[in-house]
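Each chain is listed here by its residues.
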Amino acid sequence: MLTVAEASERILAEIRPLGIEAIPLRQALGRVCAEDIAATVTMPPWSNSSMDGYAVRSADITPVMSGEPVKLRVVETVAAGDFASRPLKRGEAMRIMTGAPVPEGADSVIRKEDTDGGSAKVEIREARDVWKNIRPAGEDYQRGEVLAKRGDPIKPALIGVLASSGVAKVKAFKRPRVAIISSGDELVDVDDFDEVVAQRKIISSNSYTLAALTRVAGGLPVDLGIAADTKASLRRKLERAGGCNLILTSAGVSVGDLDHTRDVFAALGGKQRFWKVNMRPGAPLAFGMLNDVPWVGVSGNPVSAMVSFELFVRPALRKMQGYVALFRRTVTVTLEEEVKIGAKLKHFLRARVTRSEDGSLVARLTGHQSSGALTSMAKANALLIVPETSPKVAKGSQLKALMLDQSLEETSVLSI
Ligand code: AMP
Ligand code: MG
């Protein structure tokens, strides 16, 4: 049986970043930049005022430094979007608004509050702004400077930076299309909830969780529905997965009489690369390639399917999208309760990690750890990692936990 790390390495060895497409900048959030982008302009393009006030020459206001107010002639008003009609001369001031170009000859902007606010003449009463309140041209970036590199995740600020340099379209790695196939004669979709009420069937919750996980990982789920537990039905579903970048099947990869997924995959020409990983939940994981398209077959148990996705599918989808950081971070946590594991497998227990008052991280299990108990997964924000060599870990001990979301970074109390 492979370790989790070996299985992950084997899968990722088969994954390549997808092709590149040019997309409108407004749609680029969450994508990864596929090209280096250099600035086509200098930003800001001209030196401009960072205050509403008066553009002046420092030489004219030296008396103010020794406490003596001066009066200057106001010759013009420069609003943001305007340009002064001429340079500023000795003894003159120009009213100026935030963002407006600083006229040639001016080297200081005196904030309005330090003047009498006059419009024909202005009295300057305070000199703390000498040489100040001017944002020089190119303060943010210079023309030719690299604003984004291939591999940079596109975040809101970067979108703003690129917009400021006139980038209307950006080349980004494509998002992977993930074919999601559930299988099992016991399964129906919510349309057939009557069958559930009648206690004949259960809902294919994996169809929902795996699609949601795909979206969170930046992929595009293509739900191919539920296959029956027959080879013909599974075959029909797998044949419809063409055009997708990854095939994700759930269930039918264990050792049951009706677990046909691996056989059908092989009959279609698929090459299985490995089966089974040393982990719980999710040990019966299968991986292979079908006509160059990677296939991950996860166990049907709702929690196993999710845990396997987190460990193996998410990093693969990120690699396809050009991300360099493929993995979620693990953190060291102190147990608030004793934990025990049964089988000699590496365990991933559903847990809630929180920050205690002294800043350290503590963890508590979220409930029943059966691989079918999805509610404890819904309450969890982390998977507590218990090595197979530790059947019992005492309260107060430390373990690693794999964070599943950003909840540690968020709080209901403003902490600034
Ligand atoms: P299997 O992997 O086929 O042995 O299924 C393992 C368990 O997961 C069984 O209890 C199934 O009923 C359940 N299961 C399989 N597929 C799904 C699904 N799509 N949604 C919810 N439960 C499932
Ligand atoms: Mg089954």
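Residues numbered from 1 in each chain as written. Chains lettered and ligands numbered in written order. Predicted model: local features only at pLDDT ≥ 70, side-chain atom pairs only at ≥ 80, totals over all residues. Heavy atoms only, no water.

### A short note on the packing of aromatic side chains
So, step 1. In this structure the tally under the stated criterion is three aromatic pairs.
So, step 2. Taking the centre distance of 5.7 Å and the plane angle of 35 degrees together, the rings of Phe274 and Phe287 count as tilted. In this pair, Phe274 sits in strand E17 (residues 271-275) while Phe287 sits in strand E19 (residues 286-290), placing the two residues 13 residues apart along the sequence. The same class applies to Phe274 as to Phe287, namely buried.
So, step 3. The ring of Trp275 is capped by Arg262, whose NZ or CZ atom sits 3.5 Å from the centre of that ring.
So, step 4. Residue placement shows Lys276 over the ring face of Trp275; its charged tip is 4.4 Å from the ring centre. (Phe/Tyr/Trp six-rings, centres within 6.5 Å; stacked < 30°, edge-to-face > 60°. Helix = DSSP H or I, 4+ residues; strand = E, 2+ residues; numbered from the N terminus. Buried < 20%, exposed > 50% of the residue type's maximum accessible area, 1.4 Å probe, protein only. Lys NZ or Arg CZ within 6 Å of the ring centre and 35° of its normal.)

### What about the site of ligand 1?
So, step 1. Around ligand 1, 17 residues are found, and the nearest of them are Glu186, Ser204, Ser205, Gly300 and Asn301.
So, step 2. In this structure, Glu186 approaches ligand 1 through a side-chain N or O atom, which is 2.5 Å from an oxygen atom.
So, step 3. At a separation of 3.1 Å, an oxygen atom of ligand 1 approaches a polar backbone atom of Asn301.
So, step 4. Listed by contribution, the elements that provide at least two residues to the shell around ligand 1 are strand E12 (177-183), strand E14 (202-203) and helix H5 (205-216).
So, step 5. Its residues assigned to classes, the shell around ligand 1 shows five nonpolar, ten polar and two charged. (Near = heavy atom within 4 Å. Polar contact = N/O pair within 3.5 Å; in protein donor to acceptor, adjacent residues only side chain to side chain. Nonpolar A, V, L, I, M, F, W, Y, C, P; charged D, E, K, R; others polar.)

### A closer look at the sheet that holds strand E7 (residues 108-111)
So, step 1. Ordered in space as E7-E4-E6-E5-E8, the five strands form an open sheet in which the pairing is mixed. The two strands at the open ends of the sheet, each matched to only one other strand, are E7 and strand E8 (121-124). Between one strand axis and the next, the sheet turns through 40 degrees on average, direction left out of account.
So, step 2. Direction of pairing for strand E5 (residues 70-78) relative to strand E6 (residues 92-96): parallel, over a ladder of five bridges. Among the inter-strand pairings, Val74 is bridged to a residue of E6, identified as Ala93. (Pairing = 2+ DSSP bridges. Axes fitted to C-alpha atoms, helices over the stretch in contact; angles between N-to-C directions.)

### Overview of the pattern of salt bridges
So, step 1. Evaluated as defined, the whole model comprises 14 salt bridges.
So, step 2. Between Glu21 and Arg31 there is a salt bridge, with its nearest N and O atoms 2.4 Å apart. Note that Glu21 is positioned in strand E1 (residues 20-24) and Arg31 in the loop between E1 and strand E2 (37-38), a separation of ten residues in sequence.
So, step 3. Judged by its relative accessible area of 28%, Glu21 is partly exposed.
So, step 4. With a shortest N-O distance of 3.0 Å, Glu310 and Arg328 are connected by a salt bridge. Of this pair, Glu310 sits in helix H8 (residues 302-320) while Arg328 sits in the loop between H8 and strand E21 (330-335), placing them 18 residues apart in sequence.
So, step 5. Within this structure, Arg111, Asp114, Arg128 and Asp129 form a network of salt bridges that share partners. (Salt bridge = Lys/Arg side-chain N within 4 Å of Asp/Glu carboxyl O.)

### So, the pairing of E5
So, step 1. Judged from the four bridges that link them, E5 and E8 form a sheet pairing that is antiparallel. The residue of E8 that forms the bridge with Val70 is Ile124.

### Looking at the packing of helix H1 (residues 4-13) against H8
So, step 1. Contact geometry for H1 and H8: axes closest at 10 Å, N-to-C directions at 30 degrees. One way to sum up the angle between H1 and H8 is to call them roughly parallel. As for the relative orientation of H1 and H8, their crossing is right-handed in sense. Residues Val4, Ala7, Ser8, Ile11 and Leu12 of H1 pack against Leu311, Phe312, Pro315, Ala316 and Lys319 of H8. (Parallel < 35°, antiparallel > 145°, perpendicular 65-115°, else oblique. Left-handed = near helix turned anticlockwise from the far one by under 90°. Contact = heavy atoms within 4.5 Å.)

### As for a negative patch on the surface
So, step 1. On the surface, Asp189, Asp191, Asp192, Asp194 and Asp223 cluster together into a negatively charged patch.
So, step 2. Relative to the assigned elements, Asp223 resides in strand E15 (residues 220-227). (Patch = residues over 30% accessible without salt bridge, like charges linked within 9 Å, V, L, I, M, F, W, Y side chains within 5 Å. Areas by Shrake-Rupley, 256 points an atom, 1.4 Å probe, with all protein chains shown as cover. Lys, Arg positive; Asp, Glu negative; His and termini not counted. Charge placed at Lys NZ, Arg CZ, Asp CG, Glu CD.)

### Regarding the sheet that holds strand E16 (residues 246-250)
So, step 1. Strands sit in the order E15-E12-E16-E20-E19-E17 across an open sheet of six strands; the sheet is mixed. The open sheet is flanked by E15 and E17, the only strands paired with a single partner. On average, adjacent strands in this sheet sit at an angle of 20 degrees to one another, irrespective of strand direction.
So, step 2. Taken together, the six bridges between E12 and E15 define a ladder with parallel strand orientation. Among the inter-strand pairings, Val178 is bridged to a residue of E15, identified as Pro221.
So, step 3. Sheet strands in contact with H1 are E17 and E19, and its direction is about 160 degrees off that of E17.
So, step 4. In the packing of H8 onto the sheet, the strands contacted are E12, E16 and strand E20 (293-298), and the crossing angle to E16 comes to about 175 degrees.

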